[in-house]
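Structural overview
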Amino acid sequence: MQQNIPDSKTIKACCCIVGGGPAGIVLGFLLARAAVETIVLEKHADFLRDFRGDTIHPSTLEIMYELGILDKFLQRPHQELHQLGAQIDDFAVTIADFSHLPTHCKFVALMPQWDFSKLRCGTRKALPTISFAHGV
Ligand SMILES: Cc1cc2nc3c(=O)[nH]c(=O)nc-3n(C[C@H](O)[C@H](O)[C@H](O)COP(=O)(O)OP(=O)(O)OC[C@H]3O[C@@H](n4cnc5c(N)ncnc54)[C@H](O)[C@@H]3O)c2cc1C
(Lines give C-alpha, C1' and ligand atoms only; values in the text may rest on other atoms or scores of the structure.)
Protein backbone atom coordinates (compact mmCIF):
# COMPACT_ATOMS: atom_id res chain seq x y z
CA MET A 1 0.00 0.00 0.00
CA GLN A 2 1.32 3.46 -0.88
CA GLN A 3 0.59 5.93 1.89
CA ASN A 4 0.65 9.71 2.25
CA ILE A 5 1.90 10.38 -1.30
CA PRO A 6 -0.37 13.16 -2.63
CA ASP A 7 0.71 12.89 -6.30
CA SER A 8 0.48 9.10 -6.43
CA LYS A 9 -1.92 7.74 -9.07
CA THR A 10 -2.48 4.35 -7.48
CA ILE A 11 -3.64 3.88 -3.93
CA LYS A 12 -4.61 0.50 -2.55
CA ALA A 13 -6.49 -0.12 0.68
CA CYS A 14 -8.94 -2.61 2.15
CA CYS A 15 -11.49 0.13 2.74
CA CYS A 16 -12.06 3.40 0.89
CA ILE A 17 -14.18 6.13 2.53
CA VAL A 18 -15.35 8.94 0.25
CA GLY A 19 -15.73 12.20 2.14
CA GLY A 20 -13.47 13.60 4.84
CA GLY A 21 -16.17 15.23 6.94
CA PRO A 22 -16.65 14.33 10.61
CA ALA A 23 -18.39 11.03 9.74
CA GLY A 24 -15.75 9.90 7.22
CA ILE A 25 -12.78 10.81 9.38
CA VAL A 26 -14.19 9.19 12.53
CA LEU A 27 -15.10 6.03 10.58
CA GLY A 28 -11.57 5.98 9.17
CA PHE A 29 -10.21 6.38 12.70
CA LEU A 30 -12.33 3.48 14.02
CA LEU A 31 -11.37 1.17 11.13
CA ALA A 32 -7.68 2.07 11.37
CA ARG A 33 -7.80 1.42 15.10
CA ALA A 34 -9.10 -2.06 14.24
CA ALA A 35 -6.03 -2.45 11.96
CA VAL A 36 -8.07 -2.19 8.73
CA GLU A 37 -6.06 -0.50 5.97
CA THR A 38 -8.19 2.53 5.17
CA ILE A 39 -8.04 5.54 2.88
CA VAL A 40 -10.22 8.63 3.32
CA LEU A 41 -10.77 10.63 0.11
CA GLU A 42 -11.75 14.29 0.41
CA LYS A 43 -12.50 16.46 -2.62
CA HIS A 44 -11.40 19.69 -0.96
CA ALA A 45 -7.69 20.39 -0.73
CA ASP A 46 -7.78 21.61 2.88
CA PHE A 47 -10.06 22.30 5.84
CA LEU A 48 -10.06 26.08 5.41
CA ARG A 49 -13.81 26.36 4.93
CA ASP A 50 -16.06 28.40 7.13
CA PHE A 51 -19.55 27.29 6.20
CA ARG A 52 -20.32 25.49 9.47
CA GLY A 53 -20.33 26.42 13.11
CA ASP A 54 -17.46 25.93 15.49
CA THR A 55 -19.31 24.50 18.50
CA ILE A 56 -18.46 21.05 19.80
CA HIS A 57 -21.21 19.86 22.09
CA PRO A 58 -20.85 17.86 25.36
CA SER A 59 -22.22 14.70 23.68
CA THR A 60 -19.56 14.98 20.94
CA LEU A 61 -16.87 15.60 23.58
CA GLU A 62 -18.07 12.48 25.41
CA ILE A 63 -17.59 10.39 22.27
CA MET A 64 -14.07 11.85 21.99
CA TYR A 65 -13.50 10.77 25.61
CA GLU A 66 -14.66 7.24 24.74
CA LEU A 67 -12.32 7.24 21.72
CA GLY A 68 -9.42 8.36 23.94
CA ILE A 69 -8.75 11.64 22.10
CA LEU A 70 -10.40 14.12 24.48
CA ASP A 71 -7.17 15.09 26.25
CA LYS A 72 -5.50 15.96 22.93
CA PHE A 73 -8.52 18.01 21.95
CA LEU A 74 -8.52 19.97 25.21
CA GLN A 75 -4.79 20.73 24.83
CA ARG A 76 -5.60 22.76 21.69
CA PRO A 77 -6.64 26.43 22.00
CA HIS A 78 -10.37 26.55 22.59
CA GLN A 79 -13.02 28.37 24.59
CA GLU A 80 -15.48 26.80 27.01
CA LEU A 81 -19.09 27.84 27.32
CA HIS A 82 -20.39 26.68 30.72
CA GLN A 83 -23.54 28.78 30.90
CA LEU A 84 -25.67 30.92 28.61
CA GLY A 85 -27.52 33.87 30.03
CA ALA A 86 -29.21 37.12 29.15
CA GLN A 87 -29.62 40.46 30.89
CA ILE A 88 -32.84 42.37 30.24
CA ASP A 89 -32.73 45.66 32.12
CA ASP A 90 -32.16 44.60 35.75
CA PHE A 91 -33.42 41.09 35.17
CA ALA A 92 -30.80 38.36 34.65
CA VAL A 93 -31.93 35.01 33.27
CA THR A 94 -30.00 31.75 32.78
CA ILE A 95 -30.88 30.23 29.42
CA ALA A 96 -28.67 27.15 29.61
CA ASP A 97 -26.55 25.61 32.37
CA PHE A 98 -24.39 22.64 31.37
CA SER A 99 -23.04 21.95 34.86
CA HIS A 100 -25.55 19.14 35.55
CA LEU A 101 -24.82 17.09 32.44
CA PRO A 102 -23.71 13.48 33.04
CA THR A 103 -20.67 13.96 30.79
CA HIS A 104 -16.96 14.51 31.46
CA CYS A 105 -17.10 17.95 29.85
CA LYS A 106 -19.90 20.06 31.26
CA PHE A 107 -19.49 22.76 28.62
CA VAL A 108 -19.76 23.48 24.92
CA ALA A 109 -16.31 23.89 23.37
CA LEU A 110 -15.59 26.51 20.73
CA MET A 111 -12.81 25.72 18.27
CA PRO A 112 -12.33 26.66 14.59
CA GLN A 113 -13.50 23.66 12.58
CA TRP A 114 -10.25 23.46 10.61
CA ASP A 115 -8.33 22.97 13.89
CA PHE A 116 -10.83 20.32 14.96
CA SER A 117 -10.59 18.50 11.61
CA LYS A 118 -6.80 18.64 11.68
CA LEU A 119 -6.87 17.07 15.15
CA ARG A 120 -8.99 14.19 13.85
CA CYS A 121 -6.63 13.72 10.89
CA GLY A 122 -3.67 13.92 13.26
CA THR A 123 -4.56 10.44 14.46
CA ARG A 124 -2.79 9.25 11.30
CA LYS A 125 0.55 9.48 13.12
CA ALA A 126 -0.67 7.07 15.78
CA LEU A 127 -2.49 4.83 13.30
CA PRO A 128 -0.29 3.82 10.37
CA THR A 129 -3.12 1.92 8.64
CA ILE A 130 -4.97 5.13 7.73
CA SER A 131 -4.21 7.51 4.85
CA PHE A 132 -5.83 10.78 3.82
CA ALA A 133 -5.99 12.05 0.25
CA HIS A 134 -7.19 15.65 -0.13
CA GLY A 135 -8.22 17.42 -3.31
CA VAL A 136 -9.27 14.23 -5.17
C1 LIG B 1 -24.30 26.17 8.79
C2 LIG B 1 -24.00 24.93 9.62
C3 LIG B 1 -23.51 25.08 10.92
C4 LIG B 1 -23.24 23.94 11.69
N5 LIG B 1 -22.74 24.10 12.94
C6 LIG B 1 -22.39 23.04 13.67
C7 LIG B 1 -21.80 23.20 14.94
O8 LIG B 1 -21.56 24.31 15.38
N9 LIG B 1 -21.48 22.08 15.65
C10 LIG B 1 -21.75 20.83 15.18
O11 LIG B 1 -21.45 19.85 15.89
N12 LIG B 1 -22.31 20.65 13.97
C13 LIG B 1 -22.64 21.71 13.21
N14 LIG B 1 -23.21 21.54 11.98
C15 LIG B 1 -23.51 20.18 11.55
C16 LIG B 1 -22.24 19.49 11.04
O17 LIG B 1 -21.56 20.33 10.12
C18 LIG B 1 -22.68 18.18 10.34
O19 LIG B 1 -23.43 17.40 11.25
C20 LIG B 1 -21.45 17.39 9.90
O21 LIG B 1 -20.64 18.19 9.06
C22 LIG B 1 -21.89 16.14 9.15
O23 LIG B 1 -20.72 15.41 8.87
P24 LIG B 1 -20.61 14.42 7.66
O25 LIG B 1 -19.23 13.86 7.68
O26 LIG B 1 -21.77 13.47 7.68
O27 LIG B 1 -20.84 15.29 6.34
P28 LIG B 1 -19.99 16.53 5.78
O29 LIG B 1 -19.45 17.38 6.87
O30 LIG B 1 -20.88 17.17 4.76
O31 LIG B 1 -18.76 15.84 5.07
C32 LIG B 1 -18.83 15.28 3.77
C33 LIG B 1 -17.48 15.49 3.11
O34 LIG B 1 -17.45 14.75 1.90
C35 LIG B 1 -16.79 15.51 0.91
N36 LIG B 1 -17.26 15.00 -0.39
C37 LIG B 1 -18.51 15.07 -0.90
N38 LIG B 1 -18.54 14.43 -2.10
C39 LIG B 1 -17.29 13.97 -2.33
C40 LIG B 1 -16.70 13.24 -3.39
N41 LIG B 1 -17.42 12.86 -4.47
N42 LIG B 1 -15.39 12.93 -3.33
C43 LIG B 1 -14.65 13.29 -2.23
N44 LIG B 1 -15.16 13.98 -1.18
C45 LIG B 1 -16.47 14.32 -1.24
C46 LIG B 1 -17.22 16.95 1.21
O47 LIG B 1 -16.29 17.87 0.69
C48 LIG B 1 -17.22 16.95 2.76
O49 LIG B 1 -15.98 17.36 3.30
C50 LIG B 1 -23.47 22.63 11.18
C51 LIG B 1 -23.97 22.51 9.86
C52 LIG B 1 -24.22 23.62 9.09
C53 LIG B 1 -24.73 23.44 7.69
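Residues numbered from 1 in each chain as written. Predicted model: local features only at pLDDT ≥ 70, side-chain atom pairs only at ≥ 80, totals over all residues. Heavy atoms only, no water.

So, the overall build of the protein chain
- Within the protein chain, the secondary structure is distributed over five helices and eight strands.
- Starting at the N terminus, the α and β elements of the protein chain follow one another as β-α-β-β-α-α-β-β-β-β-α-α-β.
- Of all 136 residues assigned to the protein chain, the portion counted as buried reaches 32%.
- Taking as baseline every contact in the protein chain between residues at least 6 positions apart, the subset at least 24 positions apart corresponds to 67%.
- For the protein chain, the accessible surface area stands at approximately 8700 Å², while carbon and sulfur atoms represent 58% of it. (Helix = DSSP H or I, 4+ residues; strand = E, 2+ residues; numbered from the N terminus. Buried < 20%, exposed > 50% of the residue type's maximum accessible area, 1.4 Å probe, protein only. Contact = heavy atoms within 4.5 Å. Areas by Shrake-Rupley, 256 points an atom, 1.4 Å probe, with all protein chains shown as cover.)

Comments concerning the confidence of the model for the protein chain
- In this model, the protein chain carries a mean pLDDT of 84, and residues with pLDDT of at least 70 account for 79%.
- Per-element confidence in the protein chain is highest for strand β4 (residues 79-81), whose mean pLDDT is 96, and lowest for helix α5 (residues 123-126), whose mean pLDDT is 59. (pLDDT = per-residue confidence, 0-100.)

Examining helix α1 (residues 22-33)
- Here α1 spans 16 Å end to end across twelve residues, near enough to the 16 Å set by a 1.5 Å rise per residue.
- Looking only at α1, the buried set comprises G24, I25, G28, F29 and A32. Buried positions in α1, seen along its axis, are confined to an arc of 135 degrees and lie on one side of it.
- After α1 finishes, the residue A35 shows a positive phi value of roughly 65 degrees. (Expected span 1.5 Å × (residues − 1). Arc of directions from axis to C-beta.)

A closer look at the sheet that holds strand β8 (residues 130-134)
- Read from one edge to the other, the open sheet built from three strands follows the order β1-β2-β8, with strand pairing classed as parallel. In this open sheet, the two strands that pair with only one neighbour each are β1 (15-18) and β8. Shown here is a sheet whose adjacent strand axes are inclined to one another by a mean of 20 degrees, direction ignored.
- Across five bridges, the pairing between strand β2 (residues 38-42) and β8 is parallel. Along β8, the bridge assignment pairs I39 with S131. (Pairing = 2+ DSSP bridges. Axes fitted to C-alpha atoms, helices over the stretch in contact; angles between N-to-C directions.)

Topic: the pairing of strand β5 (residues 83-88)
- Among the six residues of β5, zero are classified as buried, and the element is accordingly described as predominantly exposed.
- For β5 and strand β6 (residues 91-97), the ladder comprises six bridges, and the chain directions are antiparallel. Residue pairing for β6: I88 is matched across the bridge by F91.
- What sits between β5 and β6 in their antiparallel hairpin is a turn of two residues, with D89 showing a positive phi close to 55 degrees.

Some thoughts on helix α2 (residues 58-67)
- Among the residues of α2, those classed as buried are P58, L61, E62, M64 and L67.
- Downstream of α2 by a residue or two, G68 has a phi angle that is positive, lying close to 85 degrees.

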